[in-house]
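What follows is each chain in one-letter form.
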Amino acid sequence: MTADPQRRVVVVTGASRGAGKGIALALGATGATVYVTGRTRNEGDAPLPGTVAATASEVTAAGGVGVPVYCDHADDQQVAALFEQVRQEQGRVDILVNNATSLHDALTEKGPFWQKPLDLTNIWNVGMRSHYSATYFAAPLLLAATNALVVNTSSFGGRIYMHGPAYGAGKAAVDKMAHDMAVDFRPHGVAVVSLWMGLLLTERTQRVFDAEPEMYADLVETCESPQFTGRIIDALHGDAALMARSGKVWIGAELAQEYGVTDIDGGQPPSHRAFFGEPTTFGDAVVE
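Residues numbered from 1 in each chain as written. Predicted model: local features only at pLDDT ≥ 70, side-chain atom pairs only at ≥ 80, totals over all residues. Heavy atoms only, no water.

- Looking up the chain in an unreviewed UniProt entry gives the name Short-chain dehydrogenase, with the organism given as Pseudohalioglobus lutimaris.
- UniProt, in the comment section headed Sequence similarities (unreviewed entry), describes the chain in these words: "Belongs to the short-chain dehydrogenases/reductases (SDR) family." (UniProt positions renumbered as here; feature names shortened; annotations may be inferred.)

Focus on the overall build of the chain
For step 1, the next point in the chain: Counting its regular elements, the chain contains 11 helices and seven strands.
For step 2, the next point in the chain: Expected size for 288 residues packed as a compact globule is a radius of gyration near 19 Å; at 18 Å, the chain falls within 12% of this value.
For step 3, the next point in the chain: Each of the three principal axes of the chain carries a C-alpha extent, and together these read 50 × 45 × 40 Å.
For step 4, the next point in the chain: For the chain, the share of sequence-separated contacts (at least 6 apart) that also reach a separation of at least 24 residues comes to 71%.
For step 5, the next point in the chain: For the chain, the exposed surface amounts to about 13,400 Å²; the carbon and sulfur share of it is 53%. (Helix = DSSP H or I, 4+ residues; strand = E, 2+ residues; numbered from the N terminus. Rg over C-alpha atoms; globule rule 2.2 N^0.38 Å. Contact = heavy atoms within 4.5 Å. Areas by Shrake-Rupley, 256 points an atom, 1.4 Å probe, with all protein chains shown as cover.)

Quick word on the nonpolar core
For step 1, the next point in the chain: Core analysis: the biggest nonpolar cluster contains 28 residues, and Val12, Val34, Val36, Leu149 and Ile233 have the highest contact counts within it.
For step 2, the next point in the chain: Excluding anything up to four places from it in sequence, Val12 contacts Gly20, Ile23, Ala24, Val34, Tyr35, Val36, Thr37 and Val97.
For step 3, the next point in the chain: By size, the runner-up hydrophobic cluster in this structure holds 27 residues, among which are Val11, Cys71, Phe83 and Ala148. (Core = buried A, V, L, I, M, F, W, Y, C linked by side-chain atoms within 4.5 Å. Buried < 20%, exposed > 50% of the residue type's maximum accessible area, 1.4 Å probe, protein only.)

With respect to the packing of aromatic side chains
For step 1, the next point in the chain: Scanning all chains against the criterion turns up four aromatic pairs.
For step 2, the next point in the chain: Measuring from centroid to centroid gives 5.3 Å for Phe156 and Phe276, while their planes differ by 55 degrees, and the two rings are tilted. One end of the pair, Phe156, is in the loop between strand 5 (149-154) and helix 5 (165-185); the other, Phe276, is in helix 11 (residues 273-276), and 120 residues separate them in sequence.
For step 3, the next point in the chain: An aromatic cluster is present here, built from Phe156, Trp196 and Phe276 joined pairwise through their rings.
For step 4, the next point in the chain: Here the guanidinium or amino end of Arg41 rests over the ring plane of Tyr70, the centre of that ring lying 4.0 Å away.
For step 5, the next point in the chain: One residue, Arg245, lies across the ring of Trp250, its end atom 4.7 Å from the ring centre. (Phe/Tyr/Trp six-rings, centres within 6.5 Å; stacked < 30°, edge-to-face > 60°. Lys NZ or Arg CZ within 6 Å of the ring centre and 35° of its normal.)

A few points about the pattern of salt bridges
For step 1, the next point in the chain: Under the definition given, this model contains nine salt bridges.
For step 2, the next point in the chain: Close ionic contact of Arg87 with Glu84 constitutes a salt bridge, the shortest N to O distance being 2.7 Å. Here Glu84 and Arg87 lie together in helix 3 (residues 76-89), a separation of three residues that amounts to about one turn.
For step 3, the next point in the chain: A salt bridge links Arg245 to Asp239; its shortest N-O distance comes to 3.4 Å. This pair shows no difference in class: Arg245 is buried, exactly as Asp239 is.
For step 4, the next point in the chain: Connected through shared salt-bridge partners, Asp239, Arg245 and Glu258 make up one network. (Salt bridge = Lys/Arg side-chain N within 4 Å of Asp/Glu carboxyl O.)

So, the packing of helix 3 against helix 4 (residues 125-143)
A pair of packed helices is captured by two measures, namely the crossing angle of their axes and the spacing between those axes.
For step 1, the next point in the chain: Their axes nearest at 9 Å, the elements helix 3 and helix 4 cross at an angle of 30 degrees. Here helix 4 runs roughly parallel to helix 3, going by the angle between their axes. In the crossing of helix 3 with helix 4, the sense of the turn from one axis to the other is right-handed. Seen from helix 3, the contacting residues are Asp76, Val79, Ala80, Phe83, Val86 and Arg87; seen from helix 4, they are Arg129, Ser133, Ala134, Phe137, Ala138 and Leu141. (Axes fitted to C-alpha atoms, helices over the stretch in contact; angles between N-to-C directions. Parallel < 35°, antiparallel > 145°, perpendicular 65-115°, else oblique. Left-handed = near helix turned anticlockwise from the far one by under 90°.)

What about the side chain of Asp94?
For step 1, the next point in the chain: Mapping Asp94 onto the fold places it in the loop between helix 3 and strand 4 (95-98).
For step 2, the next point in the chain: Polar contacts involving the side chain of Asp94 include one to the main-chain amide nitrogen of Val9, which spans 2.7 Å.
For step 3, the next point in the chain: When near neighbours in sequence (up to four residues on either side) are disregarded, Asp94 contacts Arg7, Arg8, Val9, Ala145, Asn147, Ala148, Leu149 and His237. (Polar contact = N/O pair within 3.5 Å; in protein donor to acceptor, adjacent residues only side chain to side chain.)

Observations regarding the sheet that holds strand 2 (residues 33-38)
For step 1, the next point in the chain: With respect to topology, seven strands assemble into an open sheet ordered 3-2-1-4-5-6-7, the strand pairing being parallel. Lying at the two open borders of the sheet, with one neighbouring strand each, are strand 3 (65-70) and strand 7 (249-251). The mean angle between the axes of side-by-side strands here comes to 20 degrees, regardless of whether they run parallel or antiparallel.
For step 2, the next point in the chain: Both strand 1 (residues 9-12) and strand 4 contribute to a ladder of three bridges, which runs parallel. For Val11, the partnering residue across the bridge sits in strand 4 and is Leu96.
For step 3, the next point in the chain: Against the sheet, helix 2 (residues 52-61) makes contact with strand 2 and strand 3, and its axis sits at roughly 170 degrees relative to strand 3, the strand it touches most.
For step 4, the next point in the chain: Docked against the sheet, helix 10 (residues 252-259) engages strand 6 (191-196) and strand 7, running at close to 70 degrees with respect to strand 7. (Pairing = 2+ DSSP bridges.)

Here it is in structure tokens:
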């Protein structure tokens, strides 16, 4: 593949479906070259619809260049190979979106954590550690870019009790990771943020809504499309004051209001700060 210096180079991890797919499509619509990663090769390989190749094709149809890369983000060698491919084909990464995660079907079941499968802790591997390893291998390519941005997708679960301690610990970790990575990247002009998304109308969420439509009728109106976060990331990357945002946790819906970003239906999804509280803040001291 011949690199086009006019196109932003984007890597979105975990983009076969859900938030990752929506982010990839939104950034593809800006004309970016988007590397789409994930494990799903064929429909039916996963319980939910979507494949890596299908997302990449939709990115291209949206106006970008979609590049499918099959990658298990639990395997460091595969992650290293991903960024070696990007290095050879593009030479840089302008935006890295760390979104790959492991969400067990029992995540939203009610009850104490000891009554749920221990496999819920897989989010600490794919979802916490994988964010670290992807950024680790991407670092030389981010440094090669003029205005690079790393986004960890996260949620209010990093601050409140949400789905139990396994999920909460995973989200709190990627929030803190963004802060600490920002310290190391700051001298090089690379920004790192953690972005709290709202309730996304993904394939997984739609399945839950379809099972009990009357119970969730009121929630549908407050949902964000998966593309909404991608639109926010696009605006964030274009912010001349981007480095002032680095190292912090941001509520996506509030950034959208500030930037004048709307969802795909033209609406403005609400911030859930009033219900869940303000974003986590971290101390300014640095101990080398």
